Amino acid sequence: MRLLTLLLSLSFAFSLELFPQMANLRSFPRQLEGEKLKAWLLEDSYPKTKLYLGNVPLTEGLMKKLLENANLDAVPQRVDVKYSITLRRADLKLLPTELTVHKGNPEIDYNQYTALDPLTPLAVLHRSKDGRWLYVQSPIMRGWLRAEDVRELNEEEFFRLLDLPFLVVIKSKLKIGRLEYSMSAKIPYLSKEKDRYLVLMPDGSVEWIKGEGVIEGYWQFSEDKAKLLLDSLLGMPYEWGGFYDCSALVRAFFGVFGIELPRNSSQQATVGSGVERTFNSYQELKELLKTFPPYRTVLYMKGHIMIFGGFEGEDPVIYHAVYGIKRDDGKMVYPKAVVKNLLERDGLTNLYKRIVAVKVY
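Okay, so let's go over this structure. From a predicted model like this one, the values you see are computed outputs, not experimental measurements.

Analysis parameters
Residues numbered from 1 in each chain as written. Predicted model: local features only at pLDDT ≥ 70, side-chain atom pairs only at ≥ 80, totals over all residues. Heavy atoms only, no water. Helix = DSSP H or I, 4+ residues; strand = E, 2+ residues; numbered from the N terminus. Buried < 20%, exposed > 50% of the residue type's maximum accessible area, 1.4 Å probe, protein only. Pairing = 2+ DSSP bridges. Axes fitted to C-alpha atoms, helices over the stretch in contact; angles between N-to-C directions. Contact = heavy atoms within 4.5 Å.

## A short note on unusual backbone geometry
Part 1 of the reasoning: Despite not being glycine, S184 shows a phi value in the positive range, around 80°.
Part 2 of the reasoning: Along the chain, S184 turns up in the loop between β15 (179-182) and β16 (186-193).
Part 3 of the reasoning: Classification of S184 as buried rests on a relative accessible area of 15%.
Part 4 of the reasoning: A positive phi angle, close to 55°, is found at K194, a residue other than glycine.
Part 5 of the reasoning: Take K194: it is sitting in the loop between β16 and β17 (196-200).

Structure, rendered in C-alpha cells:
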C-alpha cells in the first residue's frame, strides 16, 4: 500500500524531459550548425543483418545510393530552419526512399519510423539530392518526408498556428473531408458555435465540424475514460511504424490525457515511476501489479510495450498492439491488431520472463 500511495501522489500531467528525437518547436533554434545536422542525418542505421530493399538484397552499392540521396555534401555550415505542416497522413522515414527495408517480411519495414497526422508542425532542415524528400524535425521524431506531403509556411504563419486552441481526437479514426486523423491528433480551430467548431485544414481552408469524437484540449484522466478509449481501439490493425504498433498505441492513448511520450518503446520504458527489474515467477509479477494503478501502468519487455488494465477477477489484463506473440504452450499466434489479453485465460503468463520494467505515467 505504501508503494501505491506514493505512485498515486504523483501528478498525472507531469512534465517529461524531452528525448533526443523529440522537440518543442516553439523553442527550436532558427539556425543549426551544419555539423550537427550531418550527425542527425547519420545517427540511426538499419539492423546489422541480411536485408532487402524492396525485393532485392540491400547491397553496399544500393546503400551508398541511399546515402548519396541524403545529400550530406550539400549541408551548409549554417542551416536556416524553415517551417511547414503535413498536408495529409505522412510517413517519416530513416532514409529518403519509399522502398521497404526488411529481413524478408516487408510488413516489418526498418526504413519506416512513424506516421504523422495531417497538420503536424515541422521544422524543415534539409532536402534530398533528387529533391523529392525533406528532412524534418517533428514534435516526436526526426526523419525524411516526401516533399509533396508538406506545405511550407512562413515563420509568422507557423507560430500563429502553434498558438491556436486545439481539439484532441478521442476515437481510433476521425475523418474530416478526405483527411483521416488518429487518436490523440491535435486539430487547431478558429472559433466555436454551440457544438460546432471551425477547424483549420492543412491547405489553409477552414471547415465546420461537429464536436463528435473530439474534445477541447486534453481529457482529464479517469479509469472509466481510459477503459473506454482502449476498448474502442480493439481490433485496429497492427501497423509497424504506423499509428497502431505497440509504442504508437501507448503514445496515442496517453496523449489524449496530455502526456507527450517518446515514439519508441525503449524510451517510453525509461519514463515515469516504478521499477526496472526482472521477475523470478509469474506470481511475483502478479503480486506487484496489484500495487500499481490500472491504465496508468505500462509493462515493457525488449521490443514491446503493453498497458496494464487492472484485473478481471484474479487475472491481470493487458492492452497492446501486437503482431505476433508466443503462448505458454509454445504456440505462436499472430493477432496483428490491438487486443485485450487476460494473462491466465489466454496462456500468456510466461511473459513475466521477458518483462524488464513496470512504469507508471
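## Thoughts on the sheet that holds strand β27 (residues 355-360)
Strands belonging to one sheet form pairs held by backbone hydrogen bonds; the direction of such a pair is parallel or antiparallel.
Part 1 of the reasoning: The antiparallel open sheet is built from six strands, whose spatial order is β20-β27-β21-β22-β23-β26. Each end of this open sheet is capped by a strand with a single partner; those strands are β20 (273-276) and β26 (337-342). When strand polarity is set aside, the average angle formed by the axes of neighbouring strands in this sheet is 25°.
Part 2 of the reasoning: Of the strand pairs in this sheet, strand β22 (residues 304-312) and strand β23 (residues 315-322) are connected by four bridges, and their pairing is antiparallel. Bridging from a neighbouring strand, F308 pairs with I318 of β23.
Part 3 of the reasoning: Its contacts with the sheet put helix α5 (residues 223-233) on β22, β23 and β26, and the angle it makes with β23 is roughly 50°.

All we've got here are geometric facts, nothing functional implied.
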